[in-house]
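So the chains spell out like this:
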Amino acid sequence: MTRLDSAIRRLTAQRDSLDWATQLTAPEGVVLELGLGNGRTYDHLRTRLPRREIYVFERSPAAHPDCMPPDPYLIVGDIFETLPVFIERFGPGAAALIHTDIGTGDEEANRKLALRLAPLLEALLQPGGILLADRAFAMPSCADISSETGIAEGRYFAYRRT
Ligand code: SAM
């Protein structure tokens, strides 16, 4: 498999997972995008979930201008500083859907990041809320429902808050 094949496979899994999750997203609750990047997945989310409040977290916003979230919905800073403030503002259990895509090519760093992020995501998800992630998370209050997405095992990860 070439690097091009692998990139296409990853992006296809990401797009198909987002399509799957947005069809199941509860009508109440905010939607969170962690990692704006160049705005590709944010653009997909806002198209699939029009009229929903989508809060986007990013430490260095540099997306295509067409994919920049409107001011109150772009939360700039390190998520380990901005997410706790968000939880205080909205209360625990505020999110119907969270998509996180903030990893890098460094697997050890990604593992540590997921460990640190997991309790914040658990606090944010409403009962029945869905986390979609580019990597596995260990969250005692959530069920791993990745096998329900129809995506090949290990390509993208989905959890539902119990
Ligand atoms: N999903 C995006 C897209 O489709 O364009 C790509 C996201 S990119 C892989 C990851 C983004 O997460 C980067 O823009 C990076 O700056 C951001 N990021 C990584 N760690 C972060 C952190 N601790 N706090 C805030 N943003 C972070």
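Use the structure listed above.
What about the layout of surface pockets?
Here is step 1 of the chain: For the largest pocket, the calculated volume is near 870 Å³.
Here is step 2 of the chain: Of all the secondary-structure elements, those providing two or more residues to the lining of the largest pocket are helix H1 (3-24), helix H2 (40-48), strand S2 (54-58), helix H3 (79-90) and helix H4 (107-124).
Here is step 3 of the chain: With six residues, the single largest contributor to the lining of the largest pocket is H1.
Here is step 4 of the chain: Broken down by class, the residue content of the lining of the largest pocket amounts to 10 nonpolar, 13 polar and 12 charged.

Side note on the packing of H1 against H2
Here is step 1 of the chain: Packing of H1 against H2 leaves a shortest axis separation of 10 Å and a crossing angle of 25 degrees. With respect to H2, the element H1 is oriented roughly parallel. At the point where H1 passes H2, the crossing takes the right-handed sense. Residues Leu11, Gln14, Arg15, Leu18, Asp19 and Thr22 of H1 pack against Arg40, Thr41, His44, Leu45 and Arg48 of H2.

A word on the site of the ligand
Here is step 1 of the chain: Taken together, 14 residues sit near the ligand, with Asn38, Thr41, Glu58, Ile79 and Asp101 positioned nearest.
Here is step 2 of the chain: At 3.5 Å, a side-chain N or O of Asp78 approaches a nitrogen atom of the ligand.
Here is step 3 of the chain: Taken by itself the ligand offers 600 Å² of open surface, and the protein chains cover 83% of this.
Here is step 4 of the chain: The cavity where the ligand resides is the largest pocket.

Each value, and the rule that gives it
- Residues numbered from 1 in each chain as written.
- Predicted model: local features only at pLDDT ≥ 70, side-chain atom pairs only at ≥ 80, totals over all residues.
- Heavy atoms only, no water.
- 1 Å grid on protein atoms, 1.4 Å probe; cavity = no way out; pocket = protein on both sides within 12 Å on 5 of 7 lines; lining within 4 Å.
- Points joined across faces, edges and corners; volume = space filled by probe spheres on them.
- Helix = DSSP H or I, 4+ residues; strand = E, 2+ residues; numbered from the N terminus.
- Nonpolar A, V, L, I, M, F, W, Y, C, P; charged D, E, K, R; others polar.
- Axes fitted to C-alpha atoms, helices over the stretch in contact; angles between N-to-C directions.
- Parallel < 35°, antiparallel > 145°, perpendicular 65-115°, else oblique.
- Left-handed = near helix turned anticlockwise from the far one by under 90°.
- Contact = heavy atoms within 4.5 Å.
- Near = heavy atom within 4 Å.
- Polar contact = N/O pair within 3.5 Å; in protein donor to acceptor, adjacent residues only side chain to side chain.
- Areas by Shrake-Rupley, 256 points an atom, 1.4 Å probe, with all protein chains shown as cover.
- Sits in = over half its atoms within 2 Å of the grid points.

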